[in-house]
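Residue-level listing of the chains:
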Amino acid sequence: MGYISELRKIVGHRTLIMPCACVIIGDGKGNILLQKRVDDGTWGYHGGAIEIDESVEDALRREVYEELNIELDEIKLFGIYSGSKYHHIYPNKDETSCIDIVYVCEKYHGDMKLQEEEVSKIEWFNKENVPENISINHQDPIKDYFKTFE
């Protein structure tokens, strides 16, 4: 998170607008792969902040490769989520107003290996067994994804 880290040196913990490239990795049968965050212990989809002059798709592929060591073969724009519900305060007190640009991917390749600094575990879930402690700003996109299988 180079760009955001540099801004934090100037603005401290004040709220930053943060565009994020995100992906819900699914199997096409109603199951999704979620990750558990190291910093706050919540579950969510994959992705992160977009760097200066980086395309959304490049940021998405970079973030997923960093977090999971896999490459996304096919991605499809799913939705853009923003607003007061997506205001997030990290455990270190940094505040962001996230704009989550969410994609869906059902085809990827590589041997999964977790980025231990950010991801403590990954697990497949379906609508019936989704964990309760999903990050607040990931809840609506995940619910919307499951609706596509109704």
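Residues numbered from 1 in each chain as written. Predicted model: local features only at pLDDT ≥ 70, side-chain atom pairs only at ≥ 80, totals over all residues. Heavy atoms only, no water.

Peer 1: In this structure, what is going on with the overall build of the chain? I would like to understand it.
Peer 2: The helix and strand tally for the chain stands at 3 helices and 8 strands. A compact globule built from 150 residues would reach a C-alpha radius of gyration of about 15 Å, and the chain, at 15 Å, matches this within 12%. The principal-axis extent of the C-alpha atoms belonging to the chain is close to 45 × 30 × 25 Å. Burial statistics for the chain: of 150 residues in total, 39% are counted as buried. A fraction of 72% describes how many contacts in the chain between residues 6 or more apart in sequence connect residues 24 or more apart. Of the accessible surface of the chain, which amounts to about 8300 Å², a share of 50% is contributed by carbon and sulfur atoms. (Helix = DSSP H or I, 4+ residues; strand = E, 2+ residues; numbered from the N terminus. Rg over C-alpha atoms; globule rule 2.2 N^0.38 Å. Buried < 20%, exposed > 50% of the residue type's maximum accessible area, 1.4 Å probe, protein only. Contact = heavy atoms within 4.5 Å. Areas by Shrake-Rupley, 256 points an atom, 1.4 Å probe, with all protein chains shown as cover.)

Peer 1: I'm lost on the pairing of strand 2 (residues 31–37) in this one. Help?
Peer 2: Relative to strand 2, strand 1 (residues 16–26) runs antiparallel, the two being bridged by 2 bridges. Among the inter-strand pairings, Gly26 is bridged to a residue of strand 2, identified as Ile32. A loop of 4 residues connects strand 1 with strand 2, the two strands running antiparallel in sequence, and Gly28 in this loop sits at a positive phi of about 80°. Across 7 bridges, the pairing between strand 2 and strand 8 (residues 119–126) is antiparallel. Within strand 8, the position partnered with Ile32 by the bridge is Phe125. Pairing geometry for strand 2 and strand 3 (residues 43–44), over 2 bridges, is antiparallel. By the bridge assignment for strand 3, Gln35 is matched with Gly44. Hairpin geometry of strand 2 and strand 3 is characterised by an intervening segment of 5 residues between the two adjacent antiparallel strands and by a positive phi of about 75° at Gly41. (Pairing = 2+ DSSP bridges.)

Peer 1: I would appreciate a short explanation of the side chain of Asp94 in the present structure.
Peer 2: With respect to the helices and strands, the residue Asp94 is situated in the loop between strand 6 (87–89) and strand 7 (95–109). A polar contact of 3.4 Å, which involves the side chain of Asp94, links it to the side chain of Arg8. Excluding residues that lie within four positions of it along the chain, Asp94 makes contacts with Arg8, Gly12, His13, His88 and Ile89. (Polar contact = N/O pair within 3.5 Å; in protein donor to acceptor, adjacent residues only side chain to side chain.)

Peer 1: Before we go on, may I ask you to explain the environment of Trp124 in this structure?
Peer 2: If you trace the backbone, Trp124 turns up in strand 8. Overall, the relative accessible area of 36% leaves Trp124 in the partly exposed class. Along the chain, Trp124 and Gly26 lie 98 residues apart, while their C-alpha atoms are 8.6 Å from each other. In this structure Trp124 touches Ile25, Gly26, Asp27, Asn31, Ile32, Leu33, Tyr108 and Asn129, once residues within four positions along its chain are discounted.

Peer 1: Whenever I open this one, the pattern of salt bridges confuses me. Can you help?
Peer 2: When the charged atoms of two side chains lie near each other, side chains of opposite charge can form a pair. Going through the model one piece at a time under the given rule, you end up with 12 salt bridges. Arg37 is the partner of Asp40 in a salt bridge, and the nearest nitrogen-oxygen pair spans 3.7 Å. Given a relative accessible area of 27%, Arg37 falls into the partly exposed group. (Salt bridge = Lys/Arg side-chain N within 4 Å of Asp/Glu carboxyl O.)

Nothing here speaks to function; it is geometry throughout.
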